[in-house]
Amino acid sequence: MSSERYDFGEIEKKWQKVWQENRTYEPDLDNPKGKGPFYNLMMFPYPSAEGLHVGNMYAFTGADIYGRKKRMEGYDVFEPIGLDGFGIHSENYALKIGAHPMEQAKISEARFYDQLSAIGNGFAREERLETYDPAYYRWTQWIFVQMWKHGLAYRKKQAVNWCPSCKTVLADEQVIGGKCERCGTAVEVKELEQWFFRITKYAERLLDNLEKIDWSERVKIAQKNWIGKSEGASIKFPISDFQFSDEIEVFTTRPDTLFGATFIVVSPELAKEWMEKGWQPSQTVAEYVDEALARRAEGEEKQKEKTGVATEIFAANPANKEKIPVWISDYVLAGYGTGAIMAVPAHDKRDYEFAQKFNLPVVMVVCPHYPAPTCPVLDEAYEGEGHLVGSGVFDGMKSEEAKWKIAEVVGGKRETRFRLRDWLISRQRYWGAPIPMIFCEACAAAGKGEQSEMSGWYAVPEEELPVKLPYIEKFRPEGGDESPLGSAPEFYKTKCPGCGGDARRETDVSDTFLDSAWYYIRYPSTRATRLGQAPWDPVVTKQWFPVHLYTGGAEHAVLHLLYVRFVALALHDLKLLAFGSSDAPGGEPFPKFRAHGLLIKEGAKMSKSKGNVVNPDEYIKKYGADVLRMYLMFLAPFEQGGDFRDASIQGIVRFVRRIRELGLKIPPSGITDRLVSVGGMRAGIETPTLEKRNLEKTLHKTIRAVTNDIENLHYNTAISALMVILGYLEREKDNLGAWGVFSPKGIFETFIKLLAPFAPHLAEELWHELGHEDSIHRTPWPSYEESLIAEDTFPLVVQVDGKHRATVMTPRGIVKEQAEALVRADAKVISALGVGGVKKVVYVEDRLINFVTK
RNA sequence: GCCGAGGUGGCGGAAUGGUAUACGCGCACGACUCAAAAUCGUGUGGGGAAACCCUUGAGGGUUCGACUCCCUCCCUCGGCACCA
């Protein structure tokens with residue numbers, strides 16, 4: 001090719017087409033080639049709006065670079081892509097533009113796949129999937145049925161989160177700071193009967209396994225905190241003169257503070273329960289309970305100042321038998337523990353606040369400075385460890401030691417509790433997989449059903465799956481407690497699988513996070529099972545799992561990333577899913593996960609409301625995908641994220657042009673330098689000149705840097721290394737002919753191979769210009785040799801009292817005495833040392849020498 | 001409040017305890033041009049004529065030597081938030 005302009009638009013399209021036709025990125029799923037399978041997975045996008053935004057491209061490109069290097073290293077890389085197209089996200093977009101979600105999905109789909117092609121990733125497009133495809137959600141429903149059959153799915157009435165704007169319930173994980181994860185509306189509380197998955201049964205394993213999987217630390221910590229394991233004891237406080245119970249049970253992680261428990265606090269919900277059983281409290285108490293419950297229902301945020309009310313009930317502290325009052329306050333939560341607490345104001349901040357407000361006694365029982373003559377009450381709660389005081393026979397004992405002893409003495413039961421709650425699966429929306437369950441009134445009345453505690457309920461027989469989502473006109477959520485499918489009798493009218501009588505289908509759909517909890521299992525099996533009768537091919541699954549690298553956003557730490565682990569562990573336990581060997585605990589799907597950083601725009605998070613969302617299409621059109629890819633990756637470390645600023649994209653534009661121009665100076669014919677390509681074995685025929693050795697050294701250093709940087713996801717420094725060597729080659733270009741055995745072509749080929757993961761189209765174009773017929777992306781990754789990188793001489797740093805004073809070129813491996821003698825002859829060193837004596841000389845071989853004079 | 005990540009030139013960022021500021025952007029000057037853009041070259045942390053001095057949020061410490069390790073504090077971002 002001559003020096004005409006590089007038409008990236010045309011060239012990028014050309015190669016994308018060629019790659020697809022040649023199936024360049026399709027692995028052999030049945031018989032992985034080369035070094036074996038490498039499943040390079042990235043979180044699939046949910047098509048939420050006008051198209052993918054640049055943040056998606058950032059994530060995909062970063063994952064793709066890694067996959068491309070692995071492919072060149074000889075692995076059979078599988079890098080699938082699909083669409084998480086079911087769910088509120090897509091549905092809301094359809095509602096906004098006045099389209100039907102089912103029709104809109106098809107329109108969006110084409111657009112998304114076009115965009116995904118344009119970025120030039122090595123996607124195995126033949127295995128793509130969409131969660132709203134009945135061939136897919138048939139198996140989403142099947143998973144629900146398996147959960148039901150094995151007691152991991154159940155239906156229960158309880159207080160749940162309700163988003164008044166999205167008009168549906170939400171799982172706890174989808175409530176962020178009291179607001180809906182999707183729309184930011186304050187979440188209310190409703191009592192509803194809903195479907196749940198028993199994720200709490202896996203709390204312990206989900207927590208323990210975190211120690212054994214290689215995940216980004218911040219994500220592991222987020223999961224750990226979310227699961228929230230607490231070890232403590234449940235302790236019973238006897239009460240008298242109260243007809244509805246003769247004791248109140250509390251859970252505490254600090255039984256050692258029991259002697260300091262000066263009152264009991266009961267949640268409004270528990271109080272209400274008592275009232276429903278017939279308890280008749282005073283007017284004031286009843287009013288408080290109703291107010292508090294109403295505040296919770298409205299989704300009111302945490303109160304600045306604590307509120308509460310005293311009852312006429314008294315309990316006995318089981319440790320010291322003192323009579324303590326029972327209060328009601330909404331600072332006690334109903335959903336955790338027993339709904340009642342023992343209040344130890346001296347050693348719990350919240351109890352302290354409450355005691356201050358209502359003038360309740362504060363008794364110190366853990367002394368921070370022991371022994372001390374007295375242990376006065378502090379002006380804030382002391383929550384640390386110490387020695388017991390005011391605790392009878394336990395006085396003087398370390399609090400940690402006293403913990404279980406006191407619990408034992410009062411008959412407390414040691415217990416572990418988790419803050420994790422069961423996963424609420426139901427959604428009162430249209431655009432999702434219908435929950436494949438049927439309710440029969442007659443069976444319910446007769447106490448019949450598939451599960452003993454849930455009479456009347458039956459799973460849709462597996463052979464009848466999928467329960468297809470019907471096309472209905474009235475798909476808008478109306479805000480009742482029911483999905484729009486509840487107004488579609490043609491959908492919900494059915495026959496009971498138990499008795500054959502008239503029955504009604506469940507009309508709620510399942511949470512989108514159920515769709516995305518198993519998509520990665522389906523990918524390698526999409527072709528094999530498209531016509532088949534199984535969700536995945538067990539042979540392929542064993543071969544390709546667990547996933548070798550999973551990449552995605554940290555915002556899913558306690559959403560998708562938690563659910564997906566749970567579903568995999570459950571399916572594994574049910575013997576429905578089996579992976580091949582792995583270092584990770586059995587059933588863990590992702591032994592290695594890396595969270596990419598967030599791409600922001602001029603210091604602010606990109607969001608539609610701020611109007612600062614960057615559309616990648618414009619940049620691809622203007623600069624080409626290769627430039628956009630490299631620009632995004634050069635911004636900052638991939639795991640850190642970066643700030644998208646137009647200005648600095650010019651640097652990459654120049655980089656690409658310089659590569660092109662150097663490429664044009666490379667003769668297309670001539671011997672490929674196998675010596676360099678194969679790993680730099682030097683031909684023994686001639687003694688290389690200094691220039692050649694320097695070149696070889698620089699090249700091998702670059703190979704090492706780029707190889708290691710990609711492995712660590714440090715793409716910014718990898719690109720920097722490529723820029724450095726490009727500059728070097730440009731300076732040397734006039735000596736091209738003198739490179740001898742290191743032919744210009746060979747050097748340049750190695751360079752563009754290193755470039756290939758970052759700029760796949762440009763590298764492919766240059767590769768073919770050099771006369772190759774195959775794809776550069778299927779050629780071996782360059783290797784390097786440490787011995788060639790080593791310098792003969794190096795600048796020895798000379799310090800005086802730790803301050804840099806001079807650098808002296810020194811042969812490698814020189815011993816301390818020689819180095820000292822050499823350096824002492826240097827004029828700068830002489831003047832820096834002056835007349836004072838040297839007390840000590842620190843010598844670090846091949847690095848520095850430090851004269852200490854003080 | 002708790003947990004996590006971080007604070008380095010005008011900006012994005014780079015540095016196995018060993019030459020702080022690689023690479024890029026921007027800027028300045030020069031070359032090319034009638035001119036501009038583009039391109040190429042040179043320079044570019046601060047102070048100083050220079051020798052040299054100062055500089056990685058602040059302050060202490062460990063060390064021959066600290067952006068890096070330890071302690072105290074400040075600030076920014078992210079997560080959780082009455083979980084007993």
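Residues numbered from 1 in each chain as written. Chains lettered and ligands numbered in written order. Predicted model: local features only at pLDDT ≥ 70, side-chain atom pairs only at ≥ 80, totals over all residues. Heavy atoms only, no water.

Re the overall build of chain A
Part 1 of the reasoning: Across its full length, chain A carries 29 helices and 35 strands.
Part 2 of the reasoning: Dimensions of chain A along its principal axes, counting C-alpha atoms only, are 105 × 85 × 45 Å.
Part 3 of the reasoning: Sorting the 854 residues of chain A into buried and exposed places 55% on the buried side.
Part 4 of the reasoning: The contacts in chain A between residues at least 6 apart in sequence include a share of 73% that link residues at least 24 apart.
Part 5 of the reasoning: In the form shown here, chain A has an accessible surface area of approximately 37200 Å², with 50% of it arising from carbon and sulfur atoms.
Part 6 of the reasoning: Here chain A holds 108 positive side-chain charges and 119 negative ones, and the gap between their average locations is 3 Å. (Helix = DSSP H or I, 4+ residues; strand = E, 2+ residues; numbered from the N terminus. Buried < 20%, exposed > 50% of the residue type's maximum accessible area, 1.4 Å probe, protein only. Contact = heavy atoms within 4.5 Å. Areas by Shrake-Rupley, 256 points an atom, 1.4 Å probe, with all protein chains shown as cover. Lys, Arg positive; Asp, Glu negative; His and termini not counted. Charge placed at Lys NZ, Arg CZ, Asp CG, Glu CD.)

Digging into the packing of helix 7 (residues 217–227) against helix 18 (residues 560–573)
Part 1 of the reasoning: It is at 10 Å that the axes of helix 7 and helix 18 come closest, and there the two elements cross at 75°. In terms of their interaxial angle, helix 7 and helix 18 are classed as roughly perpendicular. Residues Val-219, Gln-223, Trp-226 and Ile-227 of helix 7 touch helix 18, and the partners they reach there are Leu-561, Leu-562 and Arg-565.
Part 2 of the reasoning: Residue composition of the contact of helix 7 with helix 18, grouped by class: five nonpolar, one polar and one charged. (Axes fitted to C-alpha atoms, helices over the stretch in contact; angles between N-to-C directions. Parallel < 35°, antiparallel > 145°, perpendicular 65-115°, else oblique. Nonpolar A, V, L, I, M, F, W, Y, C, P; charged D, E, K, R; others polar.)

Remarks on the nonpolar core
One recurring pattern in soluble globular proteins is that nonpolar side chains are buried together.
Part 1 of the reasoning: Counting 184 residues, the largest nonpolar core has Trp-423, Tyr-519, Tyr-520, Phe-566, Leu-632, Phe-644 and Phe-758 as its most contacted members.
Part 2 of the reasoning: Not counting the four nearest positions on each side in its chain, Phe-566 is found in contact with Met-147, Phe-197, Arg-198, Ile-199, Tyr-202, Leu-206 and Trp-423.
Part 3 of the reasoning: In this structure, Phe-237, Ala-271, Ala-286 and Val-326 belong to the second largest nonpolar core, which totals 40 residues. (Core = buried A, V, L, I, M, F, W, Y, C linked by side-chain atoms within 4.5 Å.)

Thoughts on the environment of Gly-501
Part 1 of the reasoning: Tracing the backbone through its elements, the reader meets Gly-501 in the loop between strand 24 (493–495) and strand 25 (502–505).
Part 2 of the reasoning: With a relative accessible area of 24%, Gly-501 lands in the partly exposed category.
Part 3 of the reasoning: The spacing of Gly-501 and Glu-730 is 229 residues in sequence and 83 Å in space, taken between C-alpha atoms.
Part 4 of the reasoning: The residues contacting Gly-501, other than those within four sequence positions of it, are Thr-494, Lys-495 and Cys-496.

Structural notes on the sheet that holds strand 12 (residues 247–252)
Part 1 of the reasoning: Taken in spatial order, the three strands line up as 12-11-19 in an open sheet, and their pairing is antiparallel. For this open sheet the edge positions go to strand 12 and strand 19 (413–418), each flanked by a neighbour on one side alone. The mean inter-strand angle of the sheet, taken between neighbouring strand axes irrespective of direction, is 35°.
Part 2 of the reasoning: Here strand 11 (residues 229–238) pairs with strand 19 via six bridges, running antiparallel. In the sheet register, Ser-234 faces strand 19, and the bridge partner there is Lys-413. (Pairing = 2+ DSSP bridges.)

Examining the confidence of the model for chain A
Part 1 of the reasoning: The share of residues in chain A with pLDDT of 70 or more is 94%, and the mean pLDDT across the chain is 89.
Part 2 of the reasoning: Note that pLDDT drops below 50 for residues 670–686; the model gives that stretch 37 contacts with residues more than four away or on any other chain.
Part 3 of the reasoning: Across the interface, the model reports ipTM at 0.95; the global pTM reads 0.93. (pLDDT = per-residue confidence, 0-100.)

What about the side chain of Gln-104?
Part 1 of the reasoning: If you trace the backbone, Gln-104 turns up in helix 4 (residues 101–118).
Part 2 of the reasoning: If near-sequence neighbours (up to four positions away) are discounted, Gln-104 is found in contact with Tyr-93, Ala-94, Ile-97 and Ala-99.

Considering the pairing of strand 25
Part 1 of the reasoning: Of the two faces of strand 25, only one is covered, namely that formed by Ala-503 and Arg-505; the face formed by Asp-502 and Arg-504 stays uncovered.
Part 2 of the reasoning: By the bridge criterion, two bridges tie strand 22 (residues 437–439) to strand 25 in an arrangement that is antiparallel. In the strand pairing of strand 25, Phe-439 is matched with Arg-504.
Part 3 of the reasoning: Here strand 24 runs beside strand 25; their pairing, made up of three bridges, is antiparallel. The partner of Thr-494 across the bridge, within strand 25, is Ala-503.

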